[in-house]
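Coordinate analysis (summary)
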Amino acid sequence: MTSFLRKVQWKMAASRRRRAVEETMRWDVKVLGYEMARQMALRLGSATIADRPGAYGLMSKACVQADIESPWFAYWAHRLNVTPVYHRKLWEFCFILQALAEAGALAAGAQAVGFGCGAEPLPSLFAAMGIAVLATDAPAETVAGTGWTESGQYSQSLDALYKPDLCDRPSFDRLVRLRHVDMRRIPDDLGRRFDFTW
């Protein structure tokens, strides 16, 4: 065998070894990431749940890990009947609830309007608290072909908003309304008659 052929074979073998090492490293990183997330989720699931939300002085901010590991997050995830997980959307729900609680807005008899509610749980939880809710979502023609309907992210009817584990049906039906609104053109009649919006 010529030295040229041996060099080519050696380089090919080295390349295969390098690819195998890179693939092993990628797999190791995935396994490590999975294991870290699993361990962190176990800690979240074992958090002590307070009997009320408490005050933490929340300000407008981005989602960070410390929030998801906080007592207020655990409290609101519990109220939503959701196992705490590292997920931005769950953080949004819990953050909204905590901010409203700190502002004293979560009182029976309050009036609320939610924009772009989709199929989120907040209208049901608010109704369980005795809060009247006008939930909105985009008009059907706006969402056609966007995938929102197929993925369960769109409220075609009140049924998409009703969460039986959060609110009884009679209270929900009495307190929650749905209206399709183009958020680029919010109607004048939605102004200044609500105690809070989200």
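Here, every reference points to the structure presented above.
Residues numbered from 1 in each chain as written. Predicted model: local features only at pLDDT ≥ 70, side-chain atom pairs only at ≥ 80, totals over all residues. Heavy atoms only, no water.

**Points about the sheet that holds strand β4 (residues 196-197)**
- Read from one edge of the open sheet, 4 strands run β3-β2-β1-β4, paired in parallel fashion. Pairing within the sheet leaves two strands with one partner each, and these edge strands are β3 (176-180) and β4.
- With 5 bridges joining them, strand β2 (residues 132-137) and β3 adopt parallel strand pairing. When the sheet's bridge partners are listed, L134 is paired in β3 with R177. (Pairing = 2+ DSSP bridges. Helix = DSSP H or I, 4+ residues; strand = E, 2+ residues; numbered from the N terminus.)

**Examining the packing of helix α3 (residues 71-79) against helix α4 (residues 88-102)**
- Running from N to C, α3 and α4 point in directions that differ by 100 degrees, and their axes come no closer than 9 Å. Taken together, the axis directions place α3 and α4 in an arrangement best described as roughly perpendicular. Residues W72, F73, W76 and A77 of α3 form the contact with α4, whose participating residues are L90, W91, C94, F95, L97, Q98 and A101.
- Class assignment for the residues of the contact of α3 with α4 results in 10 nonpolar, 1 polar and no charged. (Axes fitted to C-alpha atoms, helices over the stretch in contact; angles between N-to-C directions. Parallel < 35°, antiparallel > 145°, perpendicular 65-115°, else oblique. Contact = heavy atoms within 4.5 Å. Nonpolar A, V, L, I, M, F, W, Y, C, P; charged D, E, K, R; others polar.)

**Some details on the packing of aromatic side chains**
- Here the structure, examined in full by the defined rule, presents 8 aromatic pairs.
- Relative to F172, the ring of Y162 lies with its centre 5.0 Å away and its plane at 55 degrees, an arrangement referred to as tilted. Highlighted residues: Y162 in the loop between α6 (140-143) and α7 (169-175) and F172 in helix α7, separated in sequence by 10 residues.
- Exposure remark for Y162: the relative accessible area of 16% places this residue in the buried category.
- Aromatic ring contacts, followed pair by pair, group W72, F73, W91 and F95 into a single cluster.
- Over the aromatic face of Y162 sits the side chain of R169, whose NZ or CZ is 4.4 Å from the ring centroid. (Phe/Tyr/Trp six-rings, centres within 6.5 Å; stacked < 30°, edge-to-face > 60°. Buried < 20%, exposed > 50% of the residue type's maximum accessible area, 1.4 Å probe, protein only. Lys NZ or Arg CZ within 6 Å of the ring centre and 35° of its normal.)

**Some remarks on unusual backbone geometry**
- Of note in the backbone geometry, N81 takes a positive phi value of approximately 60 degrees without being a glycine.
- By secondary structure assignment, the location of N81 is in the loop between α3 and α4.
- Taking relative accessible area as the criterion, N81 reaches 46% and is therefore assigned partly exposed.

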